[in-house]
Amino acid sequence: MARAHLEFIQSQVLAWFTLPDTAARPGVACKVLSKDPESGAVSVVLKYPAGFEIARPHYLDNDEEFFVLDGELRIGETAYGAHSYAYLPDGYPRANMTAPNGATVLTFFEGPHKNVFEGAKGCDRAKLVERIAAADRKTWGDSVDPKVVGAGLQKLMLRLDEKTGERTWLLNMGPTDRAVVTAAPLETHPHVEELFLLGGEISMPQGVLRRGAYFWRPGGIQHGPIGSLAGCTCFFRCKEGPFSTDWTDRAETIVWDAPYRPTLPSTLASHAATEYRGTDPY
Ligand SMILES: [Fe+2]
C-alpha cells in the first residue's frame, strides 16, 4: 500500500522524537510528515542540534533529498545554508557531516537507509544535484504553467529526473487581489503532488495552509481552486510518474477562508478537529 492521502496538516502539530544511536542521524530530532509502509520511503523534518557531527568518511545506502529550512548543514567541503537544496544518490561519498550551529532540514529518503563507513561504491551521477542555493539566485527563471492563476509567479526547478520524470521545484506566488481574481480552474495530475509551504498562505477548499503546512496528494485527485491573498513560497515534489496537469475548462469560485476540513490518515485523524494557529515555524 502506498502512502495515504494526507491533505493537509500543519507540521507544527506533529511530535518530535529523537533518532536513536543506530540511526543514520543519531541524536537528531525528527518529525514524520508521511511514510510509505512498503518501501520505507519517508518525508521528514530533521532538526540537527548544534555540534552535530558524523566525523568519519561514509556514504548513505539510499537516496537523500533535502532542503535546508534554517541553519546550516555541511557535507565535506560543501556548506548548505538556509534554502539550499541537494539530491544525493545512494553511495554519494561524504567526507563528514556536521551542523556546527544546528539546522532544520526538510528531508526525503527513498527507503531504509544507513551509513556505511567501509569502502566506496560510487553513485549514479545522473541523479546527483550537489547543491542549489535558492537564496543566492537573483531570479527564478523557469516557466510556470500559464493556467496557474496568480500574480508574480516565479519558479525554480531543483531537480528533474530524466528517467522517471519526477521533479522538485520551488514556486513563488505574489499576493492576489481578491477584488480582481475571484475564480480559478481545477486540476488533476496522474502522479503524486507533495507540498511543504515555506512561507505565506494558500486558500483551498480544505482550509488555509500557512507556513509549515504539508500535503501528500496521490494521483487522480481533482483539486482547487486555489488562491493566495498573502502570497506564498512553496516547495513541491512530483513523485511516482512524470509531471502533467489536466485542467478543467471552467473556473470555480475561490473560497478564501474555508474552515479546516482535511483528509487525514487514521493515525492523524485526531488533528482534524483543531486548526493550528500558533506561531512555531514548523
Ligand atoms: Fe496541483
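Residues numbered from 1 in each chain as written. Predicted model: local features only at pLDDT ≥ 70, side-chain atom pairs only at ≥ 80, totals over all residues.

Asker: Explain the sheet that holds strand β3 (residues 29-35) to me, using residue names and the numbers behind them.
Answerer: In spatial order, the strands read β2-β3-β4-β12-β7-β10-β14; together these seven strands make up an open sheet with antiparallel pairing. Across the chains shown, the open sheet's two edge strands, defined by having one partner strand only, are β2 (17-18) and β14 (129-133). In this structure, strand β7 (residues 64-71) lies alongside strand β10 (residues 84-88), joined through four bridges in antiparallel fashion. Within the sheet, the bridge partner assigned to Glu65 lies in β10 and is Tyr87. (Pairing = 2+ DSSP bridges. Helix = DSSP H or I, 4+ residues; strand = E, 2+ residues; numbered from the N terminus.)

Asker: Let's hear about the domain arrangement of the protein: which residues, and what values?
Answerer: Along its sequence, the protein is carved into domain 1 (6-132) and domain 2 (151-272). One C-alpha centre belongs to domain 1, the other to domain 2; they are set 25 Å apart. Across the contact, 20 residues belong to domain 1 and 23 residues belong to domain 2. Elements represented by at least two residues in the side of domain 1 that touches domain 2 include exactly β1 (6-10), β3, β7, β10 and β14. Here the side of domain 1 that touches domain 2 gets five residues from one element, more than from any other, and that element is β1. Taken together, the residues that form the side of domain 1 that touches domain 2 break down as twelve nonpolar, five polar and three charged. (Domains from an automatic or database assignment. Contact = placed C-beta atoms within 7 Å. Nonpolar A, V, L, I, M, F, W, Y, C, P; charged D, E, K, R; others polar.)

Asker: Tell me what's going on with the environment of Glu38, and back it up with residues and numbers.
Answerer: Note that Glu38 resides in the loop between β3 and β4 (42-48). By C-beta crowding, Glu38 is classed as exposed, having 10 other C-beta atoms within 10 Å. (Buried ≥ 20, exposed ≤ 12 C-beta atoms within 10 Å, placed from the backbone.)

Asker: Can you break down the environment of Pro281 residue by residue, with the values?
Answerer: Position of Pro281 among the secondary structure elements: in the segment after β22 (246-253). When the 13 C-beta atoms within 10 Å are taken as the criterion, Pro281 is described as partly exposed. It is 6.5 Å that separates the C-alpha atoms of Pro281 and Arg211, two residues lying 70 residues apart in sequence. Non-local contacts of Pro281, meaning those with residues more than four positions away in its chain, are made with Arg211 and Gly212.

Asker: Break down the pairing of β4 for me, citing the residues and quoting the values.
Answerer: Counting buried positions along β4 yields six of seven residues, so the element is predominantly enclosed. Counting the residues that bridge the hairpin from β3 to β4 gives six residues, and of these Gly40 lies at a positive phi of roughly 80°. Examined bridge by bridge, β4 and strand β12 (residues 103-109) share seven bridges and lie antiparallel to one another. Bridge assignment links Lys47 to a residue of β12, and that residue is Thr104.

Asker: Can you tell me about the nonpolar core, naming the residues and giving the values?
Answerer: Val105 and Leu197 are the most contacted members of the largest nonpolar core, which totals 57 residues. Sorting elements by how many residues they give to this core places strand β18 (residues 192-204) first, with seven residues. Two domains each put at least three residues into this core: domain 1 (6-132) and domain 2 (151-272). In this structure Val105 touches Leu46, Tyr48, Phe66, Val68, Leu69 and Leu73, once residues within four positions along its chain are discounted. (Core = buried A, V, L, I, M, F, W, Y, C linked by C-beta atoms within 7 Å.)

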